[in-house]
Amino acid sequence: MKITSARVIVTCPGRNFVTLKIETDQGVYGIGDATLNGREKAVVSYLEDHVIPCIIGMDPRNSEDIWQYLYRGAYWRRGPVTMRAIAAVDVALWDIKAKMANMPLYQLLGGRSRDGVMVYGHANGGDIAETVDAVGAYIDMGYKAIRAQTGVPGVKDAYGVGRGKLFYEPADAALPSLTGWDTRKALNYVPKLFEKLRETYGFDHHLLHDGHHRYSPTEAAQLGKALEPYSLFWLEDVTPAENQEAFKLIRQHTTTPLAVGEIFNTIWDAKDLIQNQLIDYIRATIVGAGGITHLRRIADLASLYQIRTGCHGATDLSPVTMGTALHFDTWVPNFGIQEYMRHTPETDEVFPHDYSFDQGMLYVGDTVGHGVDIDEKLAAKYPYKPAYLPVARLEDGTMWNW
Ligand SMILES: O=C(O)C(=O)C[C@H](O)[C@H](O)CO
Ligand SMILES: [Mg+2]
């Protein structure tokens, strides 16, 4: 069996997606996602100029060997561009493998460990009152877990506060837009949001919060401690994690569960965090961390330390990643939760998929493969549109982490 062609399809049905379609001499094809928000074309070039020419003629059934070939063979390891390209190939090959086996992907991974996958949605508002209302709307939709973000008085466009309610999309301009940040103001305000949420809705729902890399380790420890009475499911990305040791300090001071890893690309980014039990949830996902082949290694390492998965699932992860992640989540023994930011109807139409939402859970169907396809004719109607994530500056102009 041979790979006969591989094509990159770029489409923008409301936001940009990069998709890889691998075809074989046996008529079976596979689809993988390679989207890197705000840097899409770098992955397109990596795939078209450096990956596709190497894999034509290879046996698509050897997905492990092809993964190693692309990882070791490049000599230049890791990084978001390389690992997304590898992930796209890997997911397309698993899709092909499952189709050849006439099985839904989760069966090939080891079968069902659960009926459905608990997801969390994004509730946000300009201030506490608006966010409390937004959380109520998610509860009414049946969600069991909700991430809550609020604007902070005196801070221009604090992280997570979108214009729309259901379809929050941070990549919003042809050049990065400017947002503000003030840690002191956020530290004073955010705990009040959770106090109000628990007062209003009680303790039956899981609440989550994303610090989006804004706090220093000491400030992060303060926030974790201040949030303890409100019993969060997790506090995410509370400080940047390039220095994995930084989490030791936070961990010593708070029992608020910690999640990290949506920008991780390999097991090496998470190794110390996992082995020292400095986190509770690992957020690495299929498209970010080298596909199924690599993500399952991360999950296995995490399972030794009772750390559970919490795959990233923002809108920049295409339905191909969402569908594949749901198969992974349906199987992985140490599953925690899955993020679910809804795509627009236009995106859902371009990527027909076999997963559905009911009462706070997502369910994959039994379509063979990962169950997500791309309507190429429709995709062609939505040409690439440059879009960037915002940047953040402090009041005095200092560049900060967005
Ligand atoms: O979904 C989250 O938790 C995020 O932090 C979303 C990210 O900002 C987004 O995926 C960036 O592309
Ligand atoms: Mg996040």
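Residues numbered from 1 in each chain as written. Chains lettered and ligands numbered in written order. Predicted model: local features only at pLDDT ≥ 70, side-chain atom pairs only at ≥ 80, totals over all residues. Heavy atoms only, no water.

A closer look at the overall build of the chain
Let me state the cut-off plainly: Helix numbers and strand numbers start at the N terminus; a helix is a DSSP run of H or I with at least 4 residues, a strand a run of E with at least 2. Taken over C-alpha atoms, the radius of gyration is set against a globule rule of 2.2 Å times the number of residues to the power 0.38. Three exposure classes are used, based on accessible area relative to the maximum for each residue type with a 1.4 Å probe and protein chains only: buried under 20%, partly exposed in between, and exposed over 50%. Note on contacts: a residue pair qualifies if any of its non-hydrogen atoms lie within 4.5 Å across the two residues.
In terms of helices and strands, the chain carries 13 helices and 16 strands. For a compact globule of 402 residues, the expected C-alpha radius of gyration is about 21 Å, and the chain comes in at 20 Å, within 12% of that figure. Referenced to the eigenvectors of the C-alpha coordinate spread, the extents of the chain come out at roughly 60 × 45 × 45 Å. Residue burial in the chain is summarised as follows: out of 402 residues, 58% are buried. Excluding contacts between residues fewer than 6 apart, the proportion of contacts in the chain whose partners are at least 24 apart in sequence is 73%.

A look at the domain arrangement of the chain
Operational definition: Delimitation of the domains relies on an automatic or database domain assignment. The term buried area denotes the loss of accessible surface (1.4 Å probe radius) that occurs when two parts are joined, taken as the sum for both partners. Each salt bridge in this description consists of a side-chain nitrogen of Lys or Arg and a carboxyl oxygen of Asp or Glu lying within 4 Å of one another.
With domains assigned, the chain is organised as domain 1 (3-104) and domain 2 (108-369). Placing a centre on the C-alpha atoms of domain 1 and another on those of domain 2 gives a separation of 26 Å. Domain 1 puts 33 residues into the contact, and the matching count from domain 2 is 37 residues. For the pair domain 1 and domain 2, the two sides together bury roughly 2800 Å², of which 62% comes from carbon and sulfur. Interface area lost by domain 1 to domain 2 is led by Asp33, Trp94 and Pro104, which between them contribute 22%. Inspection of the region where domain 1 meets domain 2 yields three salt bridges. A salt bridge links Arg15 to Glu169, with the shortest nitrogen-to-oxygen separation between them at 2.9 Å.

Digging into the site of ligand 1
To keep things clear, this is the line we draw: Distances are taken per atom, and a residue is near a molecule or strand as soon as one of its heavy atoms is within 4 Å of it. For the purposes of these results, a polar contact is taken to be a pair of N or O atoms within 3.5 Å, where, inside protein, one atom must be able to donate a hydrogen and its partner to accept one; residues adjacent in sequence count only when each atom of the pair is a side-chain atom. Methods summary: accessible areas were calculated by the Shrake-Rupley approach with a probe of 1.4 Å, and residue burial reflects only the protein chains presented. Charged residues are taken to be Asp, Glu, Lys and Arg, nonpolar residues to be Ala, Val, Leu, Ile, Met, Phe, Trp, Tyr, Cys and Pro, and polar residues to be all remaining types, Gly included.
In the vicinity of ligand 1 there are 15 residues, among which Asn37, Tyr159, Glu262, Asp316 and Glu339 approach most closely. Between ligand 1 and Glu236, the relevant distance is 2.9 Å, taken from an oxygen atom to a side-chain nitrogen or oxygen of the residue. A distance of 2.8 Å separates an oxygen atom of ligand 1 from a polar side-chain atom of Asp316. Out of a free accessible area of 330 Å², ligand 1 has 94% covered by protein chains. The class makeup of the residues in the shell around ligand 1 is four nonpolar, four polar and seven charged.

Section: the packing of aromatic side chains
The cut-off we apply is this: Pairing of aromatic rings covers Phe, Tyr and Trp, the last counted by its six-membered ring, and requires centre-to-centre distances within 6.5 Å; plane angles under 30 degrees mean stacked, over 60 mean edge-to-face, and any other angle means tilted. Geometrically, a lysine NZ or arginine CZ counts as sitting over a ring once it is within 6 Å of the ring centre and also within 35 degrees of the ring normal.
What the rule picks out here adds up to 13 aromatic pairs. Look at Tyr143 and Phe357: their rings are 4.7 Å apart centre to centre, the planes differ by 35 degrees, and that puts the pair in the tilted class. One end of the pair, Tyr143, is in the loop between helix H5 (128-140) and strand S5 (145-150); the other, Phe357, is in strand S13 (residues 355-358), with 214 residues separating them in the sequence. Taken together, the aromatic side chains of Tyr120, Phe233, Trp234 and Tyr281 make up a single cluster linked through ring pairs. Note that Lys97 overlies the ring of Trp94, its terminal NZ or CZ placed 5.9 Å from the centroid. When the ring centre of Trp181 is taken as origin, the NZ or CZ atom of Arg214, which lies over that ring, is 4.9 Å away.

Examining the environment of Ser5
Within the element layout of this structure, Ser5 appears in strand S1 (residues 3-11). A polar atom in the side chain of Ser5 sits 2.6 Å from the side chain of Glu23.

Details of the coordination of the magnesium ion (ligand 2)
The cut-off we apply is this: Sodium, potassium and calcium take a 3.2 Å donor cutoff, other metals 2.8 Å, and in both cases only N, O and S atoms count; water is not among them, so sites may look incomplete.
Note on the magnesium ion (ligand 2): its protein donors are Asp210 (OD), Glu236 (OE) and Glu262 (OE). The metal-donor distances range over 2.0 to 2.3 Å. Taken in sequence order, the residues that donate to the magnesium ion (ligand 2) follow the motif D-x25-E-x25-E. Highlighted residues: Asp210 in strand S7 (residues 206-210) and Glu262 in the loop between strand S9 (258-260) and helix H9 (267-275), separated in sequence by 52 residues.

Here we look at the sheet that holds strand S2 (residues 17-24)
Note the following rule: At least two bridges found by DSSP between two strands is the condition for calling them paired. An axis is simply a line fitted to the C-alpha atoms; with a helix, the fit covers only the stretch in contact. Between two such axes, the angle follows the N-to-C directions and lies from 0 to 180 degrees.
Pairing is antiparallel in the open sheet, where three strands are placed in the order S1-S2-S3. Two strands lie at the open edges of the sheet, namely S1 and strand S3 (29-33), each paired on one side alone. Neighbour-to-neighbour, the strand axes of the sheet open up by a mean angle of 20 degrees, direction not taken into account. Inspection of the sheet shows S2 paired to S3 by five bridges, in the antiparallel sense. Residue Thr19 lies in a different strand from S3, and its bridge partner there is Asp33. Contacts from helix H1 (residues 40-55) reach S1 and S2 within the one sheet, and its direction differs from that of S1 by about 175 degrees.

Description of the sheet that holds strand S16 (residues 399-400)
Strands belonging to one sheet form pairs held by backbone hydrogen bonds; the direction of such a pair is parallel or antiparallel. Spatially, three strands are ordered S6-S15-S16 in an open sheet, and the strand pairing comes out mixed. One side of each edge strand has no neighbouring strand; the edge strands of this open sheet are strand S6 (178-181) and S16. For S6 and strand S15 (residues 391-394), the ladder comprises four bridges, and the chain directions are parallel. Bridging across to S15, Gly180 finds its partner in Arg393.

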